[in-house]
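# Results of the structural survey
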Number of protein chains: 2
Amino acid sequence: MVNSTPPDGFDHLYSDVVRETMDGSVYGSWRSIRDADAVSLSFGFPYPGSFPNQELLSAAEELFEAEADCALQYSGGEYAAGLPKIIADQARDRGIDCATSEIHLTNGATNAIDTVCQTFLDSGDTVFVESPTFMGALRLFRNYDVDISGFDVDEDGIVVDAVADELAKRQAAGETLPTLLYTIPNFHNPTGVTSSADRRERLLELAETYDFMILEDDPYGQLRYEGTEPPPIKALDETGRTIHVNTFSKTIAPGVRTGWAIAEAPIIEQFDRINAGGEPSFTRGLITSYAANGRLDQAIDDLCAGYRERRDQMVESLETRMPPGTTWNEPAGGFFMWVELPEGIDAAELLPDAIDAGVTYLPGSFFYHEAGGERHVRLSFSHASPSAIDEGIKALTDAVRTEISAAEADD
Amino acid sequence: MVNSTPPDGFDHLYSDVVRETMDGSVYGSWRSIRDADAVSLSFGFPYPGSFPNQELLSAAEELFEAEADCALQYSGGEYAAGLPKIIADQARDRGIDCATSEIHLTNGATNAIDTVCQTFLDSGDTVFVESPTFMGALRLFRNYDVDISGFDVDEDGIVVDAVADELAKRQAAGETLPTLLYTIPNFHNPTGVTSSADRRERLLELAETYDFMILEDDPYGQLRYEGTEPPPIKALDETGRTIHVNTFSKTIAPGVRTGWAIAEAPIIEQFDRINAGGEPSFTRGLITSYAANGRLDQAIDDLCAGYRERRDQMVESLETRMPPGTTWNEPAGGFFMWVELPEGIDAAELLPDAIDAGVTYLPGSFFYHEAGGERHVRLSFSHASPSAIDEGIKALTDAVRTEISAAEADD
């Protein structure tokens, strides 16, 4: 009988990219933040009271009543099969006119992004991203051994002029052009910025000129608390270069973990072909059952009210409390505010003091693939109660003021 | 505004492996079988009455009562977090002594296999498989651009002597050795064969000698209708070369689509790191809630009774009805029988006539990565009622007899 593990384990059998990246962090630095005894403004978690427990129970009862024999079967019954139609209807309301054959269901938006990566990315390819951007997407791109180039975000979204310049420069130099540009156009994570319609159009023009795909990640688009939504990039796109990715994690609950990608039918065929996620037919039927009778639309209205109140509180607390030299945006939706601390303060270095003072956040540097964001913090207003948000901002203010005083004392 | 799709679509932007495999079938040939107006012996679907609808509703009520605020949150609460412990306890009962840090949860067994592939396989690597084997695994391996070598299965499982010979030959010739050997040791899909303990030991010895991993896929192991289970390969393995993959799809229901991989902790860390499946925390909490109070153990006993009755009926019908020259195994568990039709009959060619006669099955050739299985059919006894199974075998018999008569008339 065999009885010894090789001294180096089985690392040598891993794929090249796993071996090259295996020592990278696994969100390690922020996992520890979770258990801090402080107000958490760290994560984009929905607030507890927002969960439709009773409604999902009713939906489950209705599902089992309607489809006792197939609600739990492989691929489910008509309810599970009906989910793409619900998604298509929602998308159509937002200007995306798609057929159910143009929808690929996934186990959440991250799984959808991964499916796009697996379909389009080879080792050595280039991906353009906003800088800063969603750290979960950065983590996935690294699994595909691609080069990542980041572009600044201003109050109108990704700085398209910079993207255009870089593309022209690369083309002139015969360098690699991107395969994919990844963007979060609505209530961007982490900055909260919404990209203007003009920027969206220009991205599409660049995609056509330079022959790349646009991956539009839109988990927050339906959580708008005021103003009018610019058309999704997918709605503006007449060429099929855009893959729109979305999820029910924010509009129903993260626990149902169901997302989708909308793309041209031939692309969806490839997504379906390489799919290895399995079909959680019970959850899919449950969502269809839940969405019936207007429950989903009503829930989105209720969620917007709950999040608007929290956003308003955070804005007010920041205005009232934060010392001069602190700046922020005021997002019209989504979960996040992106706050620049006064000059000389490093948000990552401040974090332990902030936790002691009674608040946690994610340092801006977490959202960059290279250096960046040192003075920024991402504050989430999605989870804490309004009073806890105020407490949290007070604690942040205390930590910042203490740091400023210490710096002045050193001078 | 952009307004034209390239005439060739976006195929040129796909990854190399997607572009090379994109014209492959998507289970196409059998999807059409599903809607046939005939007894289906095609698919490994649990029988309708086996689904725990009411028990899952109760489990959901209990879950929401216990964890109203986090059952639907990202990563859930204590119920969702408790699922690895339930899996570890089950595994321990079967001889696999593992910690929860040695378990990676997935969206079904296929997703687990894919995670193993992503972690270990590079383009050009070699994977050894049983021939025939599970077509879904073959489909996934193709996504990784690997070379597949198949080895016969006899009544004791994969023919290890052939594996040993091939390994020695490759080593002597300086050829590529496999990275992974994929095996279904219990109630193998499609043959129903259970690998002997001796074969399992020898596979482990070969894995150590030739430095490859064993991927043990065991969805049917707990559905044993008589006799004693040989130890899982993972239970025999003292070196950590085995990755054991399993699922609740067969013991609870496919619709909950939750699987797992058991491996050494450093390997699990890599699975966790590259994971893009999302965490369906509601489903995970639901399964934990369901498994409490012995509901899962009781369900497995009940399922075994239901499947045993169906297997017995299929064996009896085959014995009573099929013409001479037909042979089959008699599996002690699982879902499948592997039937060799009389000489001269091609199972794929027979299928349209069989459907007309009133039965569907999967031709044996579907389970081979190369040619093979032309005289075989895989019959599933998991889904049809015992009386429908008898009808189906009668229809199969009619189709075979008609074919034999036609062949004799031609002579």
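All figures in this text were calculated on a predicted structure; none of them were measured in a lab.

### Some details on the overall build of chain A
Within chain A one finds 15 helices and 14 strands. The C-alpha atoms of chain A give 22 Å as radius of gyration, which agrees with the globular expectation for 411 residues (22 Å, within 12%). Oriented by its inertia axes, the alpha-carbon framework of chain A measures out at about 70 × 65 × 55 Å. The proportion of buried residues among the 411 residues of chain A is 62%. Within chain A, residue pairs in contact and separated by at least 24 positions form 73% of the contacts whose partners lie at least 6 positions apart. When the accessible area of chain A is evaluated, it comes to approximately 14800 Å², of which 44% is carbon and sulfur surface. A gap of 2 Å separates the mean positions of the 29 positive and 71 negative side-chain charges of chain A.

### A short note on the domain arrangement of chain A
All names here are of chain A. With domains assigned, chain A is organised as domain 1 (11-51 + 298-410) and domain 2 (53-293). With 31 residues of domain 1 at the contact, the number on the domain 2 side is 35 residues. Interface of domain 1 and domain 2: buried area, both sides summed, is about 2800 Å²; carbon and sulfur atoms make up 63% of it. At the surface where domain 1 touches domain 2, the tally comes to one salt bridge. For the salt bridge of Glu226 with Arg311, the shortest nitrogen-to-oxygen distance reads 2.7 Å.

### Topic: the packing of helix H6 (residues 109-120) of chain B against helix H11 (residues 265-274) of chain B
All names here are of chain B. Where H6 contacts H11, the axes come no closer than 10 Å and their chain directions differ by 100°. Here H6 lies roughly perpendicular to H11, going by the angle between them. Residues Thr115, Val116, Gln118, Thr119 and Phe120 of H6 form the contact with H11, whose participating residues are Ile267, Gln270, Phe271 and Ile274. Partitioned by chemical class, the residues of the contact of H6 with H11 number five nonpolar, four polar and no charged.

### Some details on the relation of the copies chain A and chain B
The two copies are related by a screw operation: chain A maps onto chain B through 180° of rotation and 0.0 Å of translation along the axis, at an RMSD of 0.0 Å. Taken together, the rotation and translation relating the two chain copies correspond to the operation of a two-fold axis. Here 100% of the contact residues of chain A are again contact residues in chain B; the copies associate through an equivalent surface.

### Some points on the packing of aromatic side chains
Scanning all chains against the criterion turns up 28 aromatic pairs over all chains. Arranged with centres 6.1 Å apart and planes meeting at 70°, the rings of Phe335 of chain A and Phe336 of chain A form a pair that is edge-to-face. Across the pair, Phe336 of chain A and Phe335 of chain A agree in class, each one buried. A centroid spacing of 6.4 Å and a plane angle of 35° characterise the contact between Tyr225 of chain B and Tyr307 of chain B, whose relative ring orientation is tilted. Taken together, the positions of Tyr225 of chain B in the loop between strand E7 (213-217) and helix H10 (233-236) and Tyr307 of chain B in helix H13 (residues 295-321) put the pair 82 residues apart, joining distant regions of the chain. Taken together, the ring pairs connect Tyr47, Tyr220, Tyr225, Tyr307, Phe335 and Phe336 of chain A into an aromatic cluster. A cation sits over an aromatic face here: Arg310 of chain A above Tyr47 of chain A, 3.7 Å from the ring centre.

### So, the sheet that holds strand E13 (residues 362-363) of chain B
Residues and elements named next belong to chain B. Spatially, the four strands line up as an open sheet ordered E10-E11-E14-E13, and their pairing is antiparallel. The two strands at the open ends of the sheet, each matched to only one other strand, are strand E10 (327-328) and E13. Sheet analysis places strand E11 (residues 336-340) next to strand E14 (residues 376-380), joined by five bridges and oriented antiparallel. Bridge pairing links Val339 to Val377 in E14. Strand contacts of H13: E10, E11 and E14, with the helix running at about 15° to E11, the strand carrying the most contacts.

### Description of the interface of chain A and chain B
Across the contact, 88 residues belong to chain A and 88 residues belong to chain B. Summing the contributions of chain A and of chain B, the shared interface buries around 7600 Å²; its carbon and sulfur component is 55%. Counting the contacts that link chain A with chain B gives 36 residue pairs in polar contact (both at pLDDT 80 or more). Elements with a minimum of two residues in the side of chain A that touches chain B: helix H1 (16-21), helix H3 (53-66), helix H6 (109-120), helix H7 (135-142), helix H9 (197-210), helix H11 (265-274) and helix H12 (281-291) of chain A. Split by residue class, the side of chain A that touches chain B holds 39 nonpolar, 29 polar and 20 charged.

### Side note on the UniProt feature "domain: Aminotransferase class I/classII large" (unreviewed entry) in chain A
Within the UniProt annotation, "domain: Aminotransferase class I/classII large" (unreviewed entry) is assigned to residues 67-396 of chain A. Strand forms 17% of residues 67-396 of chain A and helix 42%; the C-alpha atoms that close the span are 52 Å apart.

### Concerning helix H3 (residues 53-66) of chain B
In a regular helix each residue adds 1.5 Å, so 14 residues correspond to 20 Å; H3 of chain B covers 20 Å between its end C-alpha atoms and thus fits that length. Among the residues of H3 of chain B, those classed as buried are Asn53, Leu56, Leu57, Ala59, Ala60, Leu63 and Phe64 of chain B. Summarising the axial view, the buried residues of H3 of chain B lie within an arc of 160°, below the 170-degree limit, and thus occupy one face. Looking at H3 of chain B, the residues exposed on the side facing more than 90 degrees away from the buried face are Gln54 and Glu65 of chain B. Against the buried residues of H3 of chain B lie H3 of chain A together with helix H4 (78-81), helix H12 (281-291) and H13 of chain B.

### Examining the nonpolar core
With 139 residues, the main nonpolar core has Leu379 of chain A together with Leu379 of chain B as its most contacted residues. Leaving out residues up to four positions away in the same chain, Leu379 of chain B has contacts with Leu41, Met314, Leu318, Phe335, Phe336, Met337, Val339, Tyr361, Ile393 and Leu396 of chain B.

### Digging into the pattern of salt bridges
All names here are of chain A. For the structure on display, the rule yields 34 salt bridges over all chains. Of the charged contacts, one joins Glu166 and Lys169 as a salt bridge, the two residues approaching to 3.6 Å between their closest N and O atoms. Of this pair, Glu166 and Lys169 both sit in helix H8 (residues 160-173), three residues apart, which is roughly one turn of that helix. You can call Lys169 partly exposed: its relative accessible area is 48%. The network of salt bridges with common partners includes Lys85, Asp89, Arg92 and Asp97.

### Some thoughts on the side chain of Thr288 of chain A
Mapping Thr288 of chain A onto the fold places it in helix H12. With sequence-adjacent residues up to four places away left out, Thr288 of chain A is seen in contact with Tyr79, Gly82, Leu83 and Ile86 of chain A.

### Looking at helix H14 (residues 347-357) of chain A
All names here are of chain A. Among the residues of H14, those classed as buried are Ala347, Leu350, Leu351 and Ala354. Viewed end-on, H14 has its buried residues packed into an arc of 130°, placing them on one side of the element. For H14, the exposed residues lying more than 90 degrees away from the buried face are Glu349 and Asp356. Of the surrounding secondary structure, the elements contacted by the buried residues of H14 are strand E12 (359-360), strand E13 (362-363), strand E14 (376-380) and helix H15 (386-410). For H14, the N-terminal capping position is held by Asp346, with its side-chain oxygen 2.9 Å away from the main-chain nitrogen of Ala348.

### Examining the environment of Arg199 of chain A
Residue and element names in this part refer to chain A. With respect to the element layout, Arg199 can be found in helix H9. Separated by 13 residues in the primary sequence, Arg199 and Phe212 place their C-alpha atoms 16 Å from one another. Once you skip the residues sitting within four places of it in the chain, Arg199 turns out to touch Asp154, Asp156, Gly157, Ile158, Val159 and Val160. For Arg199, the side chain forms a polar contact with the main-chain oxygen of Asp156, separated by 3.5 Å.

### Describing unusual backbone geometry
Here the bond from Asn189 of chain A into Pro190 of chain A is cis, since omega is 15°, no more than 30 degrees from zero. Mapped onto the elements of the fold, Pro190 of chain A is located in the loop between strand E6 (180-183) and H9. For Phe187 of chain A, which is not glycine, the phi dihedral falls at a positive 50°. Its location among the elements puts Phe187 of chain A in the loop between E6 and H9. Positive phi outside glycine occurs at Ser75 of chain B, with the angle close to 60°. With respect to the helices, strands and loops of the structure, Ser75 of chain B is situated in the loop between H3 and H4.

Analysis parameters
Residues numbered from 1 in each chain as written. Chains lettered and ligands numbered in written order. Predicted model: local features only at pLDDT ≥ 70, side-chain atom pairs only at ≥ 80, totals over all residues. Heavy atoms only, no water. Helix = DSSP H or I, 4+ residues; strand = E, 2+ residues; numbered from the N terminus. Rg over C-alpha atoms; globule rule 2.2 N^0.38 Å. Buried < 20%, exposed > 50% of the residue type's maximum accessible area, 1.4 Å probe, protein only. Contact = heavy atoms within 4.5 Å. Areas by Shrake-Rupley, 256 points an atom, 1.4 Å probe, with all protein chains shown as cover. Lys, Arg positive; Asp, Glu negative; His and termini not counted. Charge placed at Lys NZ, Arg CZ, Asp CG, Glu CD. Domains from an automatic or database assignment. Buried area = accessible area lost by both parts, 1.4 Å probe. Salt bridge = Lys/Arg side-chain N within 4 Å of Asp/Glu carboxyl O. Axes fitted to C-alpha atoms, helices over the stretch in contact; angles between N-to-C directions. Parallel < 35°, antiparallel > 145°, perpendicular 65-115°, else oblique. Nonpolar A, V, L, I, M, F, W, Y, C, P; charged D, E, K, R; others polar. Least-squares fit on C-alpha atoms with pLDDT ≥ 70 in both. Phe/Tyr/Trp six-rings, centres within 6.5 Å; stacked < 30°, edge-to-face > 60°. Lys NZ or Arg CZ within 6 Å of the ring centre and 35° of its normal. Pairing = 2+ DSSP bridges. Polar contact = N/O pair within 3.5 Å; in protein donor to acceptor, adjacent residues only side chain to side chain. UniProt positions renumbered as here; feature names shortened; annotations may be inferred. Expected span 1.5 Å × (residues − 1). Arc of directions from axis to C-beta. Core = buried A, V, L, I, M, F, W, Y, C linked by side-chain atoms within 4.5 Å.

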